[in-house]
Amino acid sequence: MSMTGALEAVLFAAGSEGMTLDEIAEVLQLSVDETKAVCQELQQSYQERDSGIELVELGGMWQLVTKPEYAVYLRKMATAPISTHLSHAALEVLAIVAYRQPISRIEIEAIRGVQSDRAIQTLVHRQLIAEVGRQEAPGRPILYGTTTTFLQTFGLRSLEDLPPLPEEPEVPQDLSLFQLTPALPRD
Amino acid sequence: MSMTGALEAVLFAAGSEGMTLDEIAEVLQLSVDETKAVCQELQQSYQERDSGIELVELGGMWQLVTKPEYAVYLRKMATAPISTHLSHAALEVLAIVAYRQPISRIEIEAIRGVQSDRAIQTLVHRQLIAEVGRQEAPGRPILYGTTTTFLQTFGLRSLEDLPPLPEEPEVPQDLSLFQLTPALPRD
Amino acid sequence: MAYEIVLEQFAGPLDLLLHLIQKHELDIFDIPIATVTEQYLAYLSAMEELSLEVASEFVVMAATLLAIKSRMLLPRPSKEAEEGADDTDPREELVQQLLEYQRCKWAAEQLRERGVLQSNVFSRPPLDLRPYAPNEPPPVEGVSLWDLVDAFRKLLLRVPTEERVAEIQGQVLSVDDEMDKLLYRMRILKKSTFFELIQNTRSRHALVTSFLALLELMKAHLVRCTQVLAFGDIQIVLVEKGEEGEEEL
């Protein structure tokens, strides 16, 4: 364990938003001055070795980004043949956003039961959903909603044209638990 | 510029769901074998220095993650990973599916001695298990198997990484139960 | 005491049995069935006293244990007398089940530990690669509005029922009440078959409660059960205790 290691882990997990020195200091339990020194140390170490990422300060936010010289590979990733259809996961997320917007990533994941950041990223990339605001909650999570492209893709004049959802699947009221599940194979 | 640097940049951009060797090879324009060698080189370099991140292979996907020893700092941030907490019952069902797949609900219940439909439903929702087929039996019962999400959630490269079960017939008569089952949380 | 919490931890009857076997350091391959049955029944009644719901599986296991116990009491046919006769240990099947369940518990614990380790590992959301894409992505094709609705409908099916909103009508059946009812009927009938006694029972939950109540009555020596034929109907006889029974009639 080292402080630069801790800083790297923290900034890595923080994602594209970056963190202020104050926030980092809080997490690492260091003074702001000490934090700044650790940041510079990490910056230095990225420069010295063949890393693909580096630490930059942009508008007061410290964040990890890929080094510019590797942009060629990211371009390759971005232009990797995009299929014209959507994955099952993406379709599911899109359905949730369409019917439950505005909605945050956490809420989407709670409904689906699984991590959904990749599917969300795909949909943002395909311009079917977009950030429509921020939730008043810790970390101010992004709220997603559908876009005009979404309406066009599905031939809708407005969101009101979305077909009404079937009611929650009916649970037969008077069915006892034992009738629902057949007896266990026992002697 | 170096291939490990390029790999680091690419995997950094891919984030939480990682990439298959084939996908990486495509982006880096290398053969799969060369790609694998670069992956191992990067893994090595993370081990040798005080980095906060490392490269792991989970369920066939290569991805960058933070090193476990820094979890203490990351817990203070809002971006906690999706909770893996599962009930006793769900863990038992998951263990049975993992080791005995493909398996039907009835067979799971025969091993556990209790109804397990709720636990199965939870696991299906969390996409830790999924329908993998139907049994050729009356009612064509659903057969369950584990998913890639299962491997990723439990840090496994493949099902072969599962610890081998203690064998059954060779259990020596005088082996006490306590040797067979390590530290159960019981009085 | 931590009694309650411990009771609630049992994932099922096999779990409870394993616990008893471990607690008393018994040999799983040579289970003293009478002792274990007694302890098992004691746990069930403790659960009842604490008003914990006893799942039907626990009761089924109680019956299985009692059946094994009675088979153990039968004289074993001598080996010369009946060749190839069924002289397997009546406990064999249960032992196999316990061993398999024990492996299941071991595996579940392995998974739990791995899950804990893995929860110490964090990732990051994928980078927004739009700035690197020179052109607009091609429009999405091949998905209709119905695919979208269908995706949502299937999703709802996958969400566990307890997370959906549904009204469940509860009916609390207490073993104590059921004991009173059975005793009342027995005082009228004096003698009954199990089937007769419980004929008004409509659900399995109620059936289980009746059965538990009957066991309790037997334990309290208020009724006596006899079975004339193997697999025949069980005769239940009220144990007369002076006049109190008569007075209430």
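What you see is a predicted model, and the numbers here were worked out from it, not measured in a lab. Position numbers for residues count from 1 along each chain, tracking the sequence in the order it is written. Chain labels run from A onward and ligand labels from 1 onward, assigned in the order the entries are written. Owing to the predicted nature of the model, reporting of local features is limited to residues with pLDDT of at least 70; listing and counting of side-chain atom pairs is limited to 80 or more, with chain, interface and lining totals taken over all residues. Calculated side-chain values reflect all of the structure's heavy atoms, with hydrogen atoms and water omitted.

## Things to note about the overall build of chain C
To keep things clear, this is the line we draw: Strands here are runs of E lasting at least two residues and helices are runs of H or I lasting at least four, both read from the DSSP assignment and numbered beginning at the N terminus. Between buried and exposed lies partly exposed: a residue is buried under 20% and exposed over 50% of the maximum accessible area for its type, with that area taken using a 1.4 Å probe on protein chains only. Here, two residues are considered to be in contact whenever any of their heavy atoms come within 4.5 Å of each other. Per-residue and other accessible areas were derived by the Shrake-Rupley procedure at a 1.4 Å probe size, with only the shown protein chains allowed to occlude residues.
Along chain C, the regular secondary structure elements total 10 helices and 3 strands. When the helices and strands of chain C are placed in sequence order, the string is α-α-α-α-α-α-α-β-α-α-β-β-α. Taken across its 249 residues, chain C has 44% of its residues classed as buried. Intrachain contacts of chain C at a sequence separation of at least 6 include 60% that bridge at least 24 residues. Entry remark: accessible area of chain C is about 14,300 Å², with carbon and sulfur atoms responsible for 54%.

## With respect to the interface of chain C and chain B
Worth spelling out the cut-off: Summed over both partners, the accessible area lost on bringing two parts together, with a 1.4 Å probe, is the buried area. Salt bridges are counted wherever a side-chain nitrogen of Lys or Arg sits within 4 Å of a carboxyl oxygen of Asp or Glu. N or O atoms closer than or at 3.5 Å make up a polar contact, with two conditions inside protein: a donor-capable atom paired with an acceptor-capable one, and, for residues adjacent in sequence, both atoms drawn from side chains.
Chain C puts 51 residues into the contact, and the matching count from chain B is 65 residues. Both sides together, the interface formed by chain C and chain B hides about 5,200 Å², and carbon and sulfur atoms give 60% of it. If you sort the residues of chain C by the area they bury against chain B, W106(C), L111(C) and F122(C) come out on top, with a joint share of 16%. Remark: the boundary between chain C and chain B carries 1 salt bridge. The residue E100(C) makes a salt bridge to R100(B) at a minimum N-O spacing of 3.0 Å. Between the two partners, chain C and chain B, sit 11 residue pairs in polar contact (both at pLDDT 80 or more). If you list the elements that add at least two residues to the side of chain C that touches chain B, you get α1 (3–9), α2 (13–23) and α5 (92–118) of chain C.

## Describing the interface of chain A and chain B
Counting residues at the interface gives 46 residues for chain A and 50 residues for chain B. Of the roughly 4,200 Å² buried between chain A and chain B, counting both surfaces, carbon and sulfur atoms make up 64%. Counting every contact that joins chain A to chain B gives 1 salt bridge. Measuring nitrogen to oxygen at the nearest pair gives 3.9 Å for the salt bridge that ties E26(B) to K76(A). If you look at where chain A meets chain B, you find 6 residue pairs in polar contact (both at pLDDT 80 or more). Those elements giving two or more residues to the side of chain A that touches chain B turn out to be α1 (3–14), α2 (21–28), β2 (61–66), α4 (71–79), α6 (105–112) and α7 (117–125) of chain A. With 10 residues, the top contributor of residues to the side of chain A that touches chain B is α1(A).

## As for α4(A)
Short version of the rule: By definition, the arc is the one covered by directions from the helix axis to the C-beta atoms.
Taken together, the buried positions of α4(A) are occupied by A71(A), Y73(A), L74(A), M77(A) and A78(A). All buried residues of α4(A) lie within an arc of 155° about the axis, which places them on one face of the element. Where the residues of α4(A) are buried, they touch β2 and α7 of chain A together with α1 (3–14) and α2 (21–28) of chain B.

## Digging into unusual backbone geometry
In this structure, the amide linkage connecting Q101(A) to the following residue, P102(A), adopts the cis form with an omega of -5°. A positive phi angle is found at Q29(B), which is not glycine, with a value near 55°. The residue Q127(B) is not glycine, and still its phi comes out positive at about 55°.

## Overview of a nonpolar patch on the surface
All names here are of chain C. The condition is simple: Exposure above 30% relative accessible area and the lack of any salt bridge qualify a residue for a patch; like charges then connect within 9 Å, and the nonpolar side chains Val, Leu, Ile, Met, Phe, Trp and Tyr within 5 Å.
Nonpolar side chains collect at one region of the surface, where Y184, I188 and L189 lie side by side and expose about 310 Å² of accessible area between them. Structurally, L189 is set in helix α7 (residues 175–189). Take L189: its relative accessible area is 34%, and that puts it in the partly exposed class.

## Points about the side chain of S192(C)
When you line up the elements, S192(C) lands in strand β1 (residues 191–193). Not counting chain neighbours up to four residues away, the residues in contact with S192(C) comprise M186(C), L197(C), I234(C), Q235(C) and I236(C).

## Looking at the nonpolar core
Put simply, the rule reads: In this text, buried Ala, Val, Leu, Ile, Met, Phe, Trp, Tyr and Cys residues form a nonpolar core when linked through side-chain atoms within 4.5 Å.
With 75 residues, the main nonpolar core has L94(B), F150(B), Y40(C) and L98(C) as its most contacted residues. Among the elements that line this core, the one with the most residues is α5(C), at 10 residues. Here L94(B) is in contact with L86(B), L123(B), L128(B), I129(B), T146(B), F150(B), F154(B) and L111(C), once residues within four sequence places are set aside.

## Quick look at the pattern of salt bridges
Working definition: two side chains of opposite charge can pair if their charged atoms are close together. One pass over the full model with this rule turns up 21 salt bridges over all chains. D89(C) is paired through a salt bridge with R91(C); the nearest N and O atoms lie 2.7 Å apart. Judged by its relative accessible area of 24%, D89(C) is partly exposed. Each of the salt bridges in this network shares a partner with another, and the network as a whole consists of E92(A), R112(A) and R158(C).

## Side note on the sheet that holds strand β3 (residues 103–104) of chain B
Residue and element names in this part refer to chain B. To be explicit about the condition: A pair of strands is considered paired only if DSSP assigns at least 2 bridges between the two. For helices, the fitted line uses only the C-alpha atoms of the stretch in contact; every axis is such a line through C-alpha atoms, and the angle between N-to-C directions lies from 0 to 180 degrees.
Taken together, the 3 strands give an open sheet; going across it, the order is β3-β5-β4, and neighbouring strands pair in antiparallel fashion. Single-partner strands in this sheet number two, and they are β3 and β4 (129–134). Across the sheet, helix α5 (residues 88–100) touches β3, β4 and β5 (142–146), and the angle it forms with β5 is around 90°.

## Considerations on the confidence of the model for chain C
Regions with low pLDDT carry predicted coordinates that are not meant to be interpreted in detail. Residue and element names in this part refer to chain C. This is how it is decided: pLDDT measures the predictor's confidence residue by residue and takes values from 0 up to 100.
For chain C, per-residue confidence averages 77 on the pLDDT scale, and 76% of positions sit at 70 or higher. In this model, residues 1–5 is a region of pLDDT below 50 whose contacts with residues beyond four sequence positions or in other chains number 3 contacts. In the model, residues 165–170 has pLDDT below 50 throughout and makes 2 contacts with residues more than four positions away in sequence or in other chains. The ipTM value of the predicted complex is 0.77, and its pTM value is 0.72.

## Topic: the environment of L41(C)
Residue and element names in this part refer to chain C. With respect to the helices and strands, the residue L41 is situated in helix α3 (residues 33–49). Along the primary structure L41 and L65 are separated by 24 residues, whereas in three dimensions their C-alpha atoms are 9.5 Å apart. When residues no more than four places from it in sequence are discounted, the contact partners of L41 are A62 and L66.

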